Amino acid sequence: MENKFHENLSSELIIQIYKLGIFPMAKNRFDSKIYFVNPKKRALLPIKDFHVSKSFSRFIKKKPFYITVNTNFKKVINKCATENRSDTWINKTIEKQFNNLHEIGVAHSIECWKNHEIVGGIYGIALGGCFFAESMFSSVSNASKFALINLVARLYFLKYSILDIQFINDHLKQFGAFEITQDLFKKKISEHINHNIDFQSLSVKDEDLFDNVLSFLQEIKETS
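Numbers given to residues run from 1 along each chain, matching the order in which its sequence is written. pLDDT decides what is reported in this predicted model: residues at 70 or higher carry local features, side-chain atom pairs at 80 or more are listed and counted, and totals for whole chains, interfaces and linings draw on all residues regardless. Note that water and hydrogens are dropped before the side-chain values are worked out from all heavy atoms of the structure.

**Some words on the pattern of salt bridges**
Take a side-chain nitrogen of Lys or Arg and a carboxyl oxygen of Asp or Glu: if they are within 4 Å of each other, that pair is a salt bridge. Here the structure, examined in full by the defined rule, presents six salt bridges. Between K63 and D206 there is a salt bridge, with its nearest N and O atoms 2.5 Å apart. Pair noted here: K63 is in the loop between α2 (54-61) and β5 (66-69) and D206 is in helix α8 (residues 206-223), with a separation of 143 residues, a long-range link. The partly exposed category is assigned to K63, whose relative accessible area is 30%. Think of it in three bands: residues with accessible area under 20% of the maximum for their type are buried, residues over 50% are exposed, and the middle band is partly exposed, with areas taken using a 1.4 Å probe on protein chains only. Residue classification places D206 among the buried positions, given a relative accessible area of 11%. Linking E191 and K187 is a salt bridge whose minimum nitrogen-to-oxygen distance equals 2.6 Å. Separated by four residues within a single helix, E191 and K187 lie in helix α7 (residues 182-192), roughly one turn from each other. Note on conventions: DSSP H or I runs of at least 4 residues are helices, E runs of at least 2 residues are strands, and numbering of each starts at the N terminus.

**Remarks on the environment of K145**
Examined against the element boundaries, K145 turns out to sit in helix α5 (residues 143-157). Residue K145 is classed as buried on the basis of its relative accessible area, which comes to 15%. For the pair K145 and L172, spaced 27 residues apart in the sequence, the C-alpha separation amounts to 9.7 Å. Residue contacts are defined here by distance: any two heavy atoms, one from each residue, within 4.5 Å place the two residues in contact. Other than its neighbours up to four places away in sequence, K145 contacts F56, H171, Q174 and F175.

**Thoughts on the pairing of strand β3 (residues 35-38)**
Every second residue of β3 is oriented toward a common face, with Y35 and V37 on one face and F36 and N38 on the other, all of them buried. Note on pairing: DSSP must find at least two bridges between two strands before they are called paired. The sheet contact formed by strand β2 (residues 23-25) and β3 spans three bridges and is antiparallel. Considered in β3, the bridge of P24 is made with F36.

**Concerning the environment of E83**
Tracing the sequence through the fold places E83 in the loop between α3 (73-82) and α4 (92-103). On the basis of relative accessibility, which here comes to 18%, the residue E83 falls in the buried class. Distance in space between the C-alpha atoms of E83 and S138 is 7.5 Å, their sequence separation being 55 residues. What E83 contacts, discounting residues up to four positions off in sequence, is F137, S138 and S139.

Rendered as structure tokens:
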């Protein structure tokens, strides 16, 4: 992994480094330093070939959570940094800058609610036909997974091409996560970064979001 230190982040700079296939991280929550990370391998989640187990599919169909989009980005990123974590790469500078990116329509969140409380969520950056998923959290079982399936369904119907998850782990392998080389990742970014897609162009009503997920499950089942 190649790290480059930079103290003075701005929204414009963050957008440019993502377009180059690089992303910012901190060593921990309380370290003010920011590093530009350019890993030799990059992890992606498939969109059209997203894996959903039969048990999770049954869980989804029960509609266990109320879903919103971009309703409380600040809470989602803060929970991603603090909920059930002893440490995190999301320091307060990154949190502040991503809140700024949300304000200008670049960073987005999906929230899972239960009993009028946000119990799970995911956030990331949408640029062209690429979505760079940053982090997700869950305070109750399966809430982050439910937020993820809502994200993937949205990307599927909006015809996004890339869902970046930065680093692979066993949890994400169950959904079909895979790695590609740095060079191939940057090539894919260049091919799709200038596509004109509006992340917010689909309905954000809860019933429509749920219908999107059910339709997505049916379509990937038919093509599997």
